[in-house]
Amino acid sequence: MPTATDYIRILPEIVLSVWGMAIMFVESLLPEDRSRKDLGIFAAFGAVAAIAATVYQAQPQFAGFGFNHVLRVDHFSIFFHLVVLLVTLATILMSLDYLPLQKIDFGEYYALVILGAVGMCLMSSAVELVLIFIALEISSIASYILSGFRRSAAVSTESALKYFLLGSFATGFFLYGIALLYGATGSTNIFDIALILGKANHVEALAYLAVALIFTGLAFKVACAPFQIWTPDVYEGAPSPVVALMSTAPKAATFAVLIRIVFEAASPNLFWVIWVAAALSMSVGNVGALLQSNVKRMLAYSSIAHAGYLMVAFASASNRDLAISSAMFYSAAYAAMNLGAFAVVTQMAGSGEGYLQMDDYSGLGKRSPVLAAVFTFFLLSLIGIPITGGFFAKFYIFSTALRTRLIWLTLIGLVNSGVGSYYYLRLIVRMYMYEPRAEIPVPPVRLGMGLAIAISLIATLWLGVLPNAVLHYTQGMPSAIAVR
Amino acid sequence: MTIPISWYLLLSAFLFACGVMGFLIKRNIITIFMSIELMLNGVNLSFIAFATRFGTLDGHIFVFFVMVVAAAEAAVGLAIIISVYRTRETLNVDRVNLLKL
């Protein structure tokens, strides 16, 4: 029988589910011509309540397995809960004025964001493959719908279609991997699988195949090469706040699943597969981004490159503790800075998302100095300049790789960082050195958007100036995770 | 005479491969979507076969969840396909190409 403690271990998910259903219910009662902004503010309070629930859950007496070893609350899950929930909160805040502007002011939007967050939170605490699968699908299905939310715009529906088809295709691979892993070990619990695989003298070929299939499925979801083709199209067509969400929160959650499977399930070593995926992803992402003139597409390629940097941590798997903590740190830093960058893009896009070309950013430094300065800060963080979160994130990843003697992968990564800085700097130069184009209006920053940008700005700066607290937290995790 | 488990696994792999092939070569969105369903059902057969071999219920339970998720995916997928048809009036993936790949 589940105990009261079990329910506390899923308290954030319960709060979010209740909130999401309440939004759906209230939405159907509201008169059609009424603004849905209040509903959005209500949703933002839901995200805050879930953060409070996570903080409550973080007390030591609630750590441990819940519901008969289906999920597990530990440093790791709390960390990713906070990342996901803060991203959710910021996404809701930046959508408050975006939705009426695009004439898609529907309450379901907020419900979908909140319910998608349920899936992402569960992904970070699940240790049973059944629950991981369901959680992954909850978050994916919510993002399929959200990416097609500008449903009268052909680009948006096309983006939803591509995301849906390729996402479900990836799910098929992930699921087949789980089936084979179940066949190889007779269990679907990550810790039982770890025990069984740990005891076996030699690893069956079936287990290798299984983990490779699972990796394929998850690599699709995090946009890691060679499974990245969908990314630029989907990011270009989907509404900007949705891209801010889906390029950060589900990615962080999927990396959480990948950490659980690669490091905890003691799964067969896929070193070379991960090595190649990391090197390829960094190169394809950065070279692809060089060729783009659309800011959203450029950031999409940049997110492929960043998935590659993160994969470097997975290639350092033999240095387990360091690898886990640097991967966690990177997920958080990447979420903060990318969220901020897409918040600025959302602000600039205007009605009908008309202003997305690099040209449209010319002279932004004169037209709107604050917005330009903030965007510059996020771009510098994406490059990896000191005092931003991006710097320490990259620093830990590559120092871990060097300690694991991955000289070549580190070199490829550093060369790629150099290439990458070119296209970020090009945008910055455009903002400050070019003459402004007068016909493009810069709308005033509203309160919700301001708060969203502030959240990502503070998070990026905090991770860049005082990384120790977060780093210490991530390092406390690996030892806690190993204990059954 | 009972049929050995490996036959079921082979059939399951075959169904999965058919799904993958269908996904890659078919051009009609509905057919592509059906290919994905075929992949999922191929996997289901694997789960059942393994569950029978181990004599445990885990695999059976997994299949139920997969079916539920597939149903949810079908609902969302068909809705997306309808909205694509409304804006584009075609169900050929090659003509749904506003975003360059």
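An account of the accompanying structure is given in this report.

Calculation criteria
Residues numbered from 1 in each chain as written. Chains lettered and ligands numbered in written order. Predicted model: local features only at pLDDT ≥ 70, side-chain atom pairs only at ≥ 80, totals over all residues. Helix = DSSP H or I, 4+ residues; strand = E, 2+ residues; numbered from the N terminus. Rg over C-alpha atoms; globule rule 2.2 N^0.38 Å. Buried ≥ 20, exposed ≤ 12 C-beta atoms within 10 Å, placed from the backbone. Contact = placed C-beta atoms within 7 Å. Expected span 1.5 Å × (residues − 1). Nonpolar A, V, L, I, M, F, W, Y, C, P; charged D, E, K, R; others polar. Axes fitted to C-alpha atoms, helices over the stretch in contact; angles between N-to-C directions. Parallel < 35°, antiparallel > 145°, perpendicular 65-115°, else oblique. Left-handed = near helix turned anticlockwise from the far one by under 90°. Arc of directions from axis to C-beta.

A separate point is the overall build of chain A. From N to C terminus, chain A includes 22 helices and two strands. For a compact globule of 484 residues, the expected C-alpha radius of gyration is about 23 Å, and chain A comes in at 21 Å, within 12% of that figure. Here the C-alpha coordinates of chain A stretch approximately 70 × 55 × 40 Å along the principal axes. Taken across its 484 residues, chain A has 62% of its residues classed as buried. Residue pairs in contact within chain A that sit at least 24 positions apart in sequence constitute 81% of those at least 6 positions apart.

What follows concerns the overall build of chain B. For chain B, the helix and strand inventory stands at three helices and zero strands. For chain B, the α and β elements follow one another from N to C terminus as α-α-α. Taken over C-alpha atoms, the radius of gyration comes to 17 Å for chain B, far larger than the 13 Å a tight globule of 101 residues would show. If you line up chain B on its principal axes, its C-alpha atoms span 55 × 25 × 25 Å. Per-residue burial for chain B yields a buried fraction of 31% across its 101 residues.

All names here are of chain A. In this model helix α20 (residues 407-433) runs 38 Å from its N-terminal to its C-terminal C-alpha over 27 residues, within 8% of the 39 Å that 1.5 Å per residue would give. Within α20, burial applies to L409, G413, N416, G420, Y423, Y424 and M431. Those residues of α20 that are buried are in contact with α14 (271-290), α15 (295-315), α17 (364-367), α18 (369-383) and α19 (389-403).

Here we take up the interface of chain B and chain A. Taken together, the contacts link 33 residues of chain B with 33 residues of chain A. Counting residues per element, the ones that place at least two in the side of chain B that touches chain A are α1 (5-25), α2 (29-54) and α3 (58-88) of chain B. Of the residues forming the side of chain B that touches chain A, the biggest block, 16 residues, is contributed by α3(B). Split by residue class, the side of chain B that touches chain A holds 23 nonpolar, seven polar and three charged.

Mapped onto the fold, F174(A) is located in helix α8 (residues 154-185). The spatial distance from the C-alpha of F174(A) to the C-alpha of Y7(A) is 28 Å, given a sequence separation of 167 residues.

A few words now on the packing of helix α16 (residues 320-349) of chain A against α19(A). All names here are of chain A. Where α16 contacts α19, the axes come no closer than 9 Å and their chain directions differ by 155 degrees. With respect to α19, the element α16 is oriented roughly antiparallel. Along this stretch, α16 crosses α19, giving a crossing that reads as left-handed. Here L322, A323, S326, F329, Y330, A333, Y334, A336 and M337 of α16 lie close against α19, whose contacting residues are G389, G390, F392, A393, Y396, I397, T400 and R403. Here the residues of the contact of α16 with α19 sort into 12 nonpolar, four polar and one charged.

Residues and elements named next belong to chain A. In a regular helix each residue adds 1.5 Å, so 19 residues correspond to 27 Å; helix α21 (residues 447-465) covers 26 Å between its end C-alpha atoms and thus fits that length. Listed as buried for α21 are G448, M449, A452, I453, I455, S456, A459, T460, L463 and G464. One face of α21 carries all of its buried residues, which in axial projection span an arc of 155 degrees. Projecting away from the buried face of α21 at angles above 90 degrees are the exposed residues L447 and I458.

Below, the discussion takes up the packing of helix α4 (residues 75-95) of chain A against helix α6 (residues 108-125) of chain A. All names here are of chain A. It is at 9 Å that the axes of α4 and α6 come closest, and there the two elements cross at 170 degrees. The angle between α4 and α6 places the two elements in the roughly antiparallel class. In the crossing of α4 with α6, the sense of the turn from one axis to the other is right-handed. Contact residues: α4 offers S77, F80, H81, V84, L85, T88, T91, I92 and S95, while α6 offers Y109, Y110, V113, A117, M120, C121, S124 and S125. Taken together, the residues that form the contact of α4 with α6 break down as 10 nonpolar, seven polar and no charged.

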